[in-house]
Amino acid sequence: MRGATRSSLCRWNLWKLRRGKPNNGHPLHIGWFRSRNASTGQGQVGQVGQVRQVGLWELLEYNAHCFNPHRMASLLALVLEEPRREARLDPRLHAYLQKAIASCHLYENLRMIPAKDIAAAVVYCREVGHAAAEDLSDVIVETVSSHMDRLDLRRVSFFITTFAKQQIKDTVFWKSAARRVVNSSEPLTPEVVVSVLDAFRKRGMKSETIFQALARRVMEVLQSLEPNHIPPIVATLCRVPMKEEDREEVIRELLVKWLRMLEQEKEHPTGAVTIQQILSLAVSLGLSPDIVNTAVFTKEVFDFIGNRFHLLRAEELIVFLWAIQRLVVPKSSTAHLARGLKQVQKLWSMLSASSELSLQRLIQLSEVLTCVKEEAKGSLPHWTGELEELQELVIQDLAESVQYCQSDTLAQILEIWHGSEDFWSQHTEFAEAIAKRIEELLLEFTDTTEILQTFQAALSAPGLVKCLSERAIEVLNSALSSRGADDVERVQAVVAGTPWEVLCKGTPAVATASEAPPVEVAGTGTAGTEFRSLLGSWRSPRTDLELADFLKKAVASSREAAEALEAVEAAAPFAEKLAANATAEVLQYLELLCKKIALSANELETRELVAAMRACAEAGLPYAPLCSAALVSLGTNLTAAQSVEVLESCAALRLDIPQLQPWLGMLLEKGLDRQLSASGLARMLAAAGRLGVQAEQTARILHRIVTVTSPIRPMQAETLASLCLGLTLQRWIPSEN
């Protein structure tokens, strides 16, 4: 009976379709064909539009009985072109969607449909704005996800790529796709590896397991990779979470293979290696320049390009110079960068006419220009009149573009162009444009943090504020005064003691520690004033009695941990000189000052805590409570250089306190070894060895040192000596490998 009914419906629809027959066919078929293929002729377009409108709803009605999943995406696309309200209320659409839901529960009905059409259907469903359409999209995603384990990886890669492209973020799909990729032992082609890696990255997957599995797959197909496969793989691996040692190994192997193919391309040009590949690799390696020895890469690339910068488009050339400049050893490629900049200068008129010169490109070009100018001081022929002219053109365009930039971009510009007072006096328009933008930020932004970021960057350009007109200073002062007292106080704290302090002229005075109401302390007078006076009159002591007298007064007059730190820093060099001749009284007062610092360690900034430990080491005072309190307060919130300095301070005093071992372990887990140079790594090993603290990752650190050194950048003698000392103290025994 069901078969008879379907047959009757088909015969009824065929009879209905054949009525009227203009143009030797039914209008429904003509409308369907022409909706998928562009018509020619203006008259036909109007006719087709009218015919298509009739054909759409008849097709929906027909598919509500005889559903064709292959037409689902194209029909839903046509529904989106109809008036939204009328379409959603039409019962024929509802009937069609219900039929589609019932059909799509079975994967067999979707098996032959291309992945891109399935993804398009999901997107169209969610744009229709109909409850049944939303249900249909969920059913399609769930059906595909539930059958992911039964699909071959090539088909899975199609789904992953198209779903990522269409920004379909359903967790159920991405979890099932990730499981399929991780658990599969099916061989992959290089194309599939590239597409899957790229799709998972664009989706924003954060699972290390996925990328670890894909990294292993990369190694499996390594010998089959072509030059065009390697840059997208490196771009993904440099940006996703995975173990650093695995990342380094895979990227190193990929780069070695690509460089071999680059060498073959130089000998026998085939076009297999392209400029786009070089750009992609340079930008990706710039994200993590310490992963591999980039010196070899830059050398080979420059040898390949040589003087053929004219082969690059103007925008490509700017990106190339900017990316390479971040990878090269300072002063090792000044001549190459200068030649590239000269080519940019020749193409400037074309750049300006084509509107390719965005603010981002101007900033990148600025970085390269300032780098070459700085390095060319020792080799003047590289900085020529052409580059001087290019600098003026860039600054002229920046002066026009700076009004559109945000606070972080403006801070970046100030950090790059931190020139002297002479520089800013020659570029007053640029200076005035920056001042105008700072005024706008003060008036527009509600978040003070972003404004402070700009002022902190401005501190590197004291010559800028000195060249501003009195009118510009008054305007900035007025804009700052318009903000709340708390904001004014925070800005004053940033610019205090710098030429930029002139901007706070006329703003409400903010009481500082030295300006606070005097506190009378019995026997000491005004605390803040006396301490400042004591520091101001301090000079090199001739005897330990003079040093003891200074420390005694400092203990009595200092009221804050910061003041106690200043006193210890002032006395430490002289305590070191006196050494064994220092009396017990000197050490006693130093200990009292250190006790003040330790009790208020949580109130001090990171740099102050590091300075306190350094001062103790310099004075030769092994005050363990201060070091323990400092380690607790510091945690891992300090730079790599500061971490090594803290470790060396403890080592100088032989302070093997219990907190050191777990603290060093936390830093290494956070990636301290990836942030240090070879010299820093060697110093860290030596300091840990002197303390008896075992760096459990000694082999990993040593591997890192080998990675960041090369014949081009050989290890210095001092670094080698520190490394040997550290390995000896660590009782390190080389493995058989």
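Note that this is a predicted model, so its numbers are computed, not measured. Position labels on residues start from 1 in each chain and follow its written sequence. Reporting in this predicted model follows two pLDDT cut-offs: at least 70 for local features of residues, and 80 or more for side-chain atom pairs to be given and counted; totals over whole chains, interfaces and linings ignore these cut-offs and use all residues. Each side-chain value is worked out from all heavy atoms of the structure, with water and hydrogens disregarded.

Participant: Pulling in residues and values, what's your account of the overall build of the protein chain?
Facilitator: For helices the rule is a DSSP run of H or I covering at least 4 residues; for strands it is a run of E covering at least 2, with both sets numbered from the N terminus onward. Summing up its helical and strand segments, the protein chain has 40 helices and two strands in all. When a residue's accessible area, from a 1.4 Å probe over protein chains only, is under 20% of the maximum for its type it is buried; when over 50% it is exposed; and in between it is partly exposed. For the protein chain, with 737 residues in total, the buried portion stands at 49%. Note on definitions: a residue-residue contact is assigned when non-hydrogen atoms from the two residues lie within 4.5 Å. Counting contacts in the protein chain only where the partners sit at least 6 residues apart, residues at least 24 apart contribute 75% of the total. For the protein chain, the exposed area adds up to about 36,400 Å²; of that, 52% sits on carbon and sulfur atoms. All accessibility values rest on the Shrake-Rupley procedure with a 1.4 Å probe; residue burial counts only the protein chains present in the view.

Participant: How would you summarise the pattern of salt bridges if you had to cite specific residues and measurements?
Facilitator: What makes a salt bridge here is a side-chain nitrogen of Lys or Arg within 4 Å of a carboxyl oxygen of Asp or Glu, nothing more. Enumeration according to the criterion identifies 21 salt bridges in this entry. Residue Asp 90 is joined to Arg 92 by a salt bridge in which the shortest nitrogen-to-oxygen separation is 3.0 Å. Residue classification places Arg 92 among the partly exposed residues on the basis of a relative accessible area of 32%. Of the charged contacts in the structure, one is a salt bridge between Glu 186 and Arg 180, with a shortest N-O distance of 3.4 Å. Using a relative accessible area of 26% as the deciding quantity, one classes Glu 186 as partly exposed. Salt bridges sharing common partners tie together Arg 126, Asp 138 and Asp 170.

Participant: Which residues make up the packing of helix α10 (residues 171-183) against helix α12 (residues 208-220), and what are the values?
Facilitator: Taken N-terminus to C-terminus, the directions of α10 and α12 make an angle of 35°; their axes are 9 Å apart at the nearest point. The way α10 lies across α12 gives a crossing that is left-handed. Within the contact between the two elements, α10 uses Ala 178, Val 181 and Val 182 and α12 uses Thr 209, Ile 210, Ala 213 and Leu 214. Polar here means any residue outside two lists: the nonpolar Ala, Val, Leu, Ile, Met, Phe, Trp, Tyr, Cys and Pro, and the charged Asp, Glu, Lys and Arg; Gly therefore counts as polar. Grouping the amino acids of the contact of α10 with α12 by side-chain chemistry returns six nonpolar, one polar and no charged. Simply put, an axis is a line fit to the C-alpha atoms, just over the touching stretch for a helix, and the angle between two N-to-C directions goes from 0 to 180 degrees. Crossings are classed by handedness, with left-handed meaning an anticlockwise turn of the near helix from the far one by less than a right angle and right-handed meaning a clockwise turn.

Participant: Describe the packing of aromatic side chains, and please don't skip the residues or the numbers.
Facilitator: Two rings from Phe, Tyr or Trp (for Trp, the six-membered ring) form a pair when their centres sit within 6.5 Å of each other. Planes less than 30 degrees apart are called stacked, planes more than 60 degrees apart edge-to-face, and all others tilted. Per the stated rule, a full pass over the model turns up 10 aromatic pairs. With 5.7 Å between their ring centres and 5° between their planes, Trp 417 and Phe 423 make a pair best called stacked. Across the pair, exposure class does not vary: Trp 417 and Phe 423 are buried alike. Site record: aromatic cluster; members linked through ring pairs are Phe 159, Phe 163, Phe 173, Trp 174 and Phe 200. By the criterion adopted, a ring carries a charge over it if an Arg CZ or a Lys NZ lies within 6 Å of its centre and within 35 degrees of its normal. Lying over the aromatic face of Trp 322, Arg 326 brings its terminal NZ or CZ to 4.0 Å of the ring centre.

Participant: So what's going on with the nonpolar core? Residues and values would help.
Facilitator: Of all hydrophobic cores here, the largest spans 173 residues; its most connected members are Phe 200, Phe 297 and Phe 320. Residue types Ala, Val, Leu, Ile, Met, Phe, Trp, Tyr and Cys, when buried and joined through side-chain atoms within 4.5 Å, form a set referred to as a nonpolar core. Membership of the second largest hydrophobic core comes to 71 residues, among which are Ala 567, Cys 627, Ala 640 and Leu 647.

Participant: Now, about unusual backbone geometry: what can you tell me, with residues and values included?
Facilitator: Phi angles above zero are rare outside glycine, and Gln 167 is one such case at about 60°. Along the chain, the position of Gln 167 falls in the loop between α9 (153-165) and α10.

Participant: Outline the environment of Val 610, supporting the account with residue identities and numerical values.
Facilitator: Checked against the element boundaries, Val 610 lands in helix α33 (residues 606-619). Looking at Val 610, the relative accessible area reads 3%, which means it is buried. Once you skip the residues sitting within four places of it in the chain, Val 610 turns out to touch Gln 642, Glu 645 and Val 646.

Participant: Lay out the environment of Lys 670 in plain terms, naming residues and giving numbers.
Facilitator: On the secondary structure map, Lys 670 appears in the loop between α36 (660-669) and α37 (672-675). The class for Lys 670 is partly exposed, based on a relative accessible area of 48%. Taking the C-alpha atoms as reference points, Lys 670 and Thr 636, 34 residues apart in sequence, are found 8.0 Å from one another.

Participant: I'd like to hear about the packing of α9 against α10, residue by residue, with values.
Facilitator: One can describe the packing of α9 onto α10 by two numbers: an axis separation of 11 Å at closest approach and a directional angle of 145°. Two packed elements cross with a definite hand, and for α9 against α10 that hand is left-handed. Residues Leu 153, Val 156, Phe 159, Ile 160, Phe 163 and Ala 164 of α9 touch α10, and the partners they reach there are Phe 173, Trp 174, Ala 177, Arg 180 and Val 181.

Participant: Go over helix α18 (residues 334-346), please, and point to the residues and values.
Facilitator: Given the number of residues in a helix, its expected span is that number minus one, multiplied by 1.5 Å. The end-to-end C-alpha separation of α18 is 19 Å, in line with the 18 Å expected for 13 residues at 1.5 Å each. All buried positions along α18 are accounted for by Thr 334, Leu 337, Ala 338, Gly 340, Leu 341, Gln 343, Val 344 and Gln 345.

Participant: Would you mind going over α9 in detail, with residue names and values included?
Facilitator: Taking 1.5 Å per residue, 13 residues should reach 18 Å; α9 reaches 18 Å between its end C-alpha atoms and fits that length. All buried positions along α9 are accounted for by Leu 153, Arg 155, Val 156, Ser 157, Phe 159, Ile 160, Thr 162, Phe 163 and Ala 164. Looking at the buried side of α9, the elements it contacts are α7 (115-128), α8 (131-146), α10, α11 (190-203) and α12. With a side-chain oxygen positioned 3.0 Å from the backbone nitrogen of Arg 154, the residue opening α9 is Asp 152. Note on α9: the residue one or two positions beyond its end, Gln 167, has a positive phi of about 60°. As used in this structure description, the phrase polar contact means that two N or O atoms lie within 3.5 Å; if the pair is within protein, one of them must be able to donate a hydrogen and the other to accept it, and residues adjacent in sequence are counted only when both atoms belong to side chains.

Participant: Go over the confidence of the model for the protein chain, please, and point to the residues and values.
Facilitator: For every residue, the predictor states its confidence as a pLDDT score lying anywhere from 0 to 100. Residues of the protein chain with pLDDT of at least 70 account for 83%, and the chain-wide mean is 77. Averaged over each element, pLDDT in the protein chain is lowest for helix α2 (residues 27-36) (39) and highest for α8 (91). In this model, residues 1-54 is a region of pLDDT below 50 whose contacts with residues beyond four sequence positions or in other chains number 41 contacts. Note on residues 508-526: pLDDT under 50 across the span, and 17 contacts to partners over four residues away in sequence or across chains.

Participant: Describe the side chain of Glu 439, and please don't skip the residues or the numbers.
Facilitator: By the secondary structure assignment, Glu 439 is in helix α24 (residues 428-444). Setting aside its immediate chain neighbours within four residues, Glu 439 contacts Val 475, Leu 476 and Ala 479.

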